[in-house]
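Residues per chain are reported as follows:
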Amino acid sequence: MIKTDILIIGAGPTGLFTVFEAGLLKLKCHIIDALAQPGGQLSEIYPKKPIYDIPGFPEVMAGKLIDNLIEQGKQFQPGFTLGERAETIEKQDDGSFIVTTNKGTQHHTKVVAIAGGLGSFEPRKPLIPNIHEFEDKGVAYMIKDPEVYRDKKVVIAGGGDSALDWSIYLADIAKEVTLIHRRNEFRGALDSVEKVRELKLLGKINLITPGEVVGLAGIERLDQVVVETPDGEVTLEADAFIPLFGLSPKLGPIGDWGLEIEKNAIKVNNALDYQTNIPGVFAIGDVNTYPGKLKLILCGFHEATMMCQAAYQIVNPGKRYVMKYTTVSGIDGFDGTRKEAEKAVVQAID
């Protein structure tokens, strides 16, 4: 059984930053995430997209932000249970919890911090009868590594930012990119729409609007996509079909833990520490809701900081913590490292 002070459910940016804030308080963290790598949506859905509202970073790639957060928390030696979903929670007589994953891994903790973003995600799949036959055989619902599509014929369906942005990005990687949308108007950023039209004029993107993918064909892998247009059906050669119709967030098993839920989010006490209706269980980041809630990464960072202060009192009842700025106290990592500002050397004047 894995034992820790704080068990974090969700390895997105808020969960990863919690490791650092908890480490400053000498609290040990372990993270559970259903994905095979840390980073949540930022790693899984848009690692190559820039983020503009992280303090101190005029622009930072989503994947780079995750790398930095992992590096920042590394000195506090967090544990990870990846590729497993938190399934059940059992409160013990002493107030601690045992959280078990879908693969039977048990975690014993004094504090649970749910940082699961918008929950677990399921792609919105187009209503194509045999689409499941080609999943991982040419059909993908998100792009993890753009290099997979180098020199390939790629068909993208969708009318939002993801479809536009990836069409633009893959135009310089794929052999051929075809963007299909069932309407003539797109829902994405105006500059992205204009860029797609520009690339179409340059012959770097094929654009079919209005149009809808209605069939897929292939022997062992996908090699054809059937598109319905106002002028009839068109069959395209394709190595990959990527429908980008968004993701449906679901709380999953956490929704059955007895937490107070409102509109698929966990209600918390934002006046104090983002604790749920179950003492010792907190919810931070996009997974929670309270009056005035803003679903921003920087708000998740704030919530994680406040939550750790409350967690300290649970782990160390009756013990007083005096907060000091890191510029004054420095940082002592669990790995024996120490970071501190250089101190001025005062020399005597003769």
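Refer to the structure above for everything that follows.
**Describing helix H6 (residues 297–315)**
Next up, step 1: Its 19 residues give H6 an end-to-end C-alpha distance of 26 Å, which sits within 8% of 27 Å, the value for a rise of 1.5 Å per residue.
Next up, step 2: For H6, every residue scored as buried is listed here: Ile297, Cys299, Gly300, Phe301, Glu303, Ala304, Met307, Cys308, Ala310, Ala311, Tyr312 and Val315.

**Considering the packing of aromatic side chains**
Next up, step 1: On inspection of all chains with the given rule, the structure shows seven aromatic pairs.
Next up, step 2: Summarising the aromatic geometry, the rings of Trp166 and Tyr169 are spaced 5.5 Å apart at their centres and angled 80° between planes, so their arrangement reads as edge-to-face. Of this pair, Trp166 and Tyr169 are both found in helix H4 (residues 161–170), three residues apart, which corresponds to roughly one turn of the helix.
Next up, step 3: Overall, the relative accessible area of 6% leaves Trp166 in the buried class.
Next up, step 4: Using a relative accessible area of 35% as the deciding quantity, one classes Tyr169 as partly exposed.
Next up, step 5: Ring centres 5.2 Å apart and planes at 55° place the aromatic pair Tyr312 and Tyr321 in the tilted group.
Next up, step 6: Every member of this aromatic cluster is reached through a ring pair, and the members are Phe17, Phe20, Phe76, Phe301 and Phe334.

**Topic: the side chain of Thr276**
Next up, step 1: Tracing the chain through its elements places Thr276 in the loop between strand S19 (265–267) and strand S20 (281–283).
Next up, step 2: For Thr276, a relative accessible area of 9% gives the class buried.
Next up, step 3: From its side chain, Thr276 meets the backbone nitrogen of Ile278 in a polar contact 3.1 Å long.
Next up, step 4: Only 2.8 Å separates the side chain of Thr276 from the backbone oxygen of Val281, close enough to count as a polar contact.
Next up, step 5: Those residues in contact with Thr276, other than ones at most four positions away along the chain, are Leu259, Ile266, Lys267, Val268, Val281, Phe282 and Ala283.

**Some words on the pairing of strand S2 (residues 29–33)**
Next up, step 1: Burial runs high along S2: five of the five residues are buried.
Next up, step 2: A two-sided burial pattern is seen for S2, the buried positions comprising Cys29, Ile31 and Asp33 on one face and His30 and Ile32 on the other.
Next up, step 3: Relative to S2, strand S1 (residues 2–9) runs parallel, the two sharing four bridges. The partner of Ile9 across the bridge, within S2, is Ile32.

**Some points on the nonpolar core**
Next up, step 1: Among the nonpolar cores identified, the biggest contains 56 residues, and Ile6 and Ile114 are the most heavily contacted of them.
Next up, step 2: The set of elements that each furnish at least two residues to this core consists of S1, helix H1 (13–24), S2, helix H3 (62–74), strand S7 (97–101), strand S8 (106–114), S20 and H6.
Next up, step 3: At nine residues, the largest contribution of residues to this core is made by H6.
Next up, step 4: Among the nonpolar cores identified, the runner-up in size contains 23 residues, and Ile143, Ala174, Leu199 and Leu207 belong to it.

**Points about the pattern of salt bridges**
Next up, step 1: Tallying each qualifying case throughout the model produces twelve salt bridges.
Next up, step 2: A salt bridge links Lys74 to Glu71, with the nearest nitrogen and oxygen atoms 3.0 Å apart. Here the residue Lys74 and the residue Glu71 both occupy positions in helix H3, the gap between them amounting to three residues, near one helical turn.
Next up, step 3: On the basis of relative accessible area, Lys74 is assigned to the partly exposed category, the value being 49%.
Next up, step 4: What makes Glu71 partly exposed here is its relative accessible area of 48%.
Next up, step 5: The shortest N-O distance in the salt bridge between Lys125 and Glu135 comes to 3.0 Å. Linking Lys125 in the loop between strand S9 (120–123) and strand S10 (153–157) with Glu135 in the loop between S9 and S10, this pair joins segments that are ten residues apart in sequence.
Next up, step 6: Under the relative-accessibility criterion, Lys125 is labelled partly exposed at 43%.

**Remarks on the sheet that holds strand S18 (residues 261–262)**
Next up, step 1: Spatial strand order, S18-S19-S21: three strands in an open sheet with mixed pairing. The sheet is open, and its two edges are formed by S18 and strand S21 (288–289), each paired on a single side.
Next up, step 2: Sheet topology note: the S19/S21 ladder contains two bridges and is parallel. Pairing of Lys267 across the sheet is with Thr289, part of S21.

**Looking at the packing of H1 against H6**
Next up, step 1: Relative orientation of the contacting elements H1 and H6 amounts to 35°, with a least axis distance of 9 Å. Handedness of the H1/H6 crossing: right-handed. Only Ile297, Gly300, Phe301, Ala304, Thr305, Met307 and Cys308 of H6 make contact with H1, whose side of the interface consists of Pro13, Thr14, Phe17, Thr18, Glu21 and Ala22.
Next up, step 2: Per-class residue counts for the contact of H1 with H6 are eight nonpolar, four polar and one charged.

**Things to note about unusual backbone geometry**
Next up, step 1: That bond from Thr209 to Pro210 is cis: its omega, -10°, falls within 30 degrees of zero.
Next up, step 2: Within the element layout of this structure, Pro210 appears in the loop between strand S12 (206–208) and strand S13 (212–217).
Next up, step 3: Here Lys26, not a glycine, exhibits a phi torsion of approximately 65°, which is positive.
Next up, step 4: Among the structural elements, Lys26 can be located in the loop between H1 and S2.
Next up, step 5: Of note in this structure, Asp136 is not a glycine but carries a positive phi near 65°.
Next up, step 6: By the secondary structure assignment, Asp136 is in the loop between S9 and S10.

What counts and what doesn't
Residues numbered from 1 in each chain as written. Predicted model: local features only at pLDDT ≥ 70, side-chain atom pairs only at ≥ 80, totals over all residues. Heavy atoms only, no water. Helix = DSSP H or I, 4+ residues; strand = E, 2+ residues; numbered from the N terminus. Expected span 1.5 Å × (residues − 1). Buried < 20%, exposed > 50% of the residue type's maximum accessible area, 1.4 Å probe, protein only. Phe/Tyr/Trp six-rings, centres within 6.5 Å; stacked < 30°, edge-to-face > 60°. Polar contact = N/O pair within 3.5 Å; in protein donor to acceptor, adjacent residues only side chain to side chain. Contact = heavy atoms within 4.5 Å. Pairing = 2+ DSSP bridges. Core = buried A, V, L, I, M, F, W, Y, C linked by side-chain atoms within 4.5 Å. Salt bridge = Lys/Arg side-chain N within 4 Å of Asp/Glu carboxyl O. Axes fitted to C-alpha atoms, helices over the stretch in contact; angles between N-to-C directions. Left-handed = near helix turned anticlockwise from the far one by under 90°. Nonpolar A, V, L, I, M, F, W, Y, C, P; charged D, E, K, R; others polar.

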